[in-house]
Amino acid sequence: MADLAQVRDGLRAYRLISAMWIRSLMTYRLSFAMTALGNLAVTAFDFVAILLMFSQVDRLGGYSLPEIAFLYGASSTAFGFADLAIGSMDRLGRRVRDGTLDTLLVRPAPVIAQVAGDRFGLHRIGRVTQGALVLAYALVVLDIEWTPLKVLMVPLMLVCGAAIFASVFVAGGAFQFVAQDAAEVQNAFTYGGTTLLQYPPTVFAKDLVRGVTFVLPLAFVNWLPALYVLGRPYPLDLPAWVAFTPPLVAAACLALAGLAWRTGLRSYRSTGS
């Protein structure tokens, strides 16, 4: 019951802090709109690069443009939700270095909720919108024999993918308690991870595919469930039922990230200044 109360308090604190920053952003609505559109345009360049590739080839790694658009849209949308909700975690290293994390420790709210809600960037909605538009395009043009399981797999993929990316954000934040200047290392697994997943697994070496399947399970964000929807075999010859395991993987990732966060927070000793 104590853990449940702590989670409830954390969500309430996160909601209040995020709402405060959203009200601040909405004070300058034109500036917010321009920033959100700019965010959408910048993230769209990733898909423009894919379109340029397909101006020279018909298939990439054996996949057509609509199929890659499906992978791209699922990965970008899931990551966009995680980045919108908890992307502020990459500022933790700066707080550890300058000692401003101490001010969060004395407040009557969970530290993780305060860090996640700090400077909540609603303008990141542009990334979510851009990914969702590409995903919608893919769903319209793809010739898929839809079944109830395949229909269910699409929203499940987005929710579980966002949870897996959120766990990577939290684990990266926990690492910054030790490294103190590891934002770029964290970005390599978050922003770098979503870029990796935008392309089919067949274009990568099998050792890399194994790494993002069994070590850092980013493959469960979109590769495994999406290939089930597309009717494609997975390069590692895993059984078909593995495509239905993202909820279990997401739960395990969140639990491990929470453990890493608590361990990192307990090890924090301030700056000593």
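Here the structure is a predicted model, which means the values were calculated and not measured.

1. Looking at a nonpolar patch on the surface
On the surface, a nonpolar cluster with roughly 400 Å² of combined accessible area is contributed by V42, F45, V48 and L52. The topology assignment puts V42 in helix α2 (residues 29–54). Relative accessible area serves as the criterion here: at 56%, V42 is assigned to the exposed category.

2. Quick look at the pattern of salt bridges
Applying the stated rule across the entire model yields 6 salt bridges. Taking the shortest distance from any N to any O, the salt bridge between R232 and E67 comes out at 3.0 Å. Taken together, the positions of R232 in the loop between α11 (223–230) and α12 (246–267) and E67 in helix α3 (residues 65–86) put the pair 165 residues apart, joining distant regions of the chain. Take R232: its relative accessible area is 27%, and that puts it in the partly exposed class. With a closest N to O distance of 3.9 Å, D83 and R127 form a salt bridge. Of this pair, D83 sits in helix α3 while R127 sits in helix α7 (residues 125–141), and the two are 44 residues apart along the sequence. Take D83 and R127: they sit in the same class, and that class is buried. Three or more residues joined by partner-sharing salt bridges are found here, namely R59, E67 and R232.

Each value, and the rule that gives it
Counting restarts for each chain, with residues numbered from 1 along the sequence as it is written. Where local features are concerned, this predicted model is filtered to residues with pLDDT of at least 70; where side-chain atom pairs are given and counted, the filter is 80 or more; whole-chain, interface and lining totals use all residues. Derived side-chain values reflect all non-hydrogen atoms in the structure, with water molecules and hydrogen atoms excluded from consideration. Each patch is built from residues that are more than 30% exposed by relative accessible area and take part in no salt bridge. Like charges join if they lie within 9 Å; nonpolar side chains (Val, Leu, Ile, Met, Phe, Trp, Tyr) join within 5 Å. Residue burial considers only the protein chains on display, and all accessible areas are found by Shrake-Rupley using a 1.4 Å probe. Salt bridges, as used here, are contacts in which a Lys or Arg side-chain nitrogen is within 4 Å of a carboxyl oxygen on Asp or Glu. Strands here mean DSSP runs of E at least two residues long; helices mean DSSP runs of H or I at least four residues long; both are numbered from the N terminus. For every residue, the accessible area (1.4 Å probe, protein chains only) is compared with the maximum for its type, and the residue is labelled buried under 20%, exposed over 50%, or partly exposed between those bounds.

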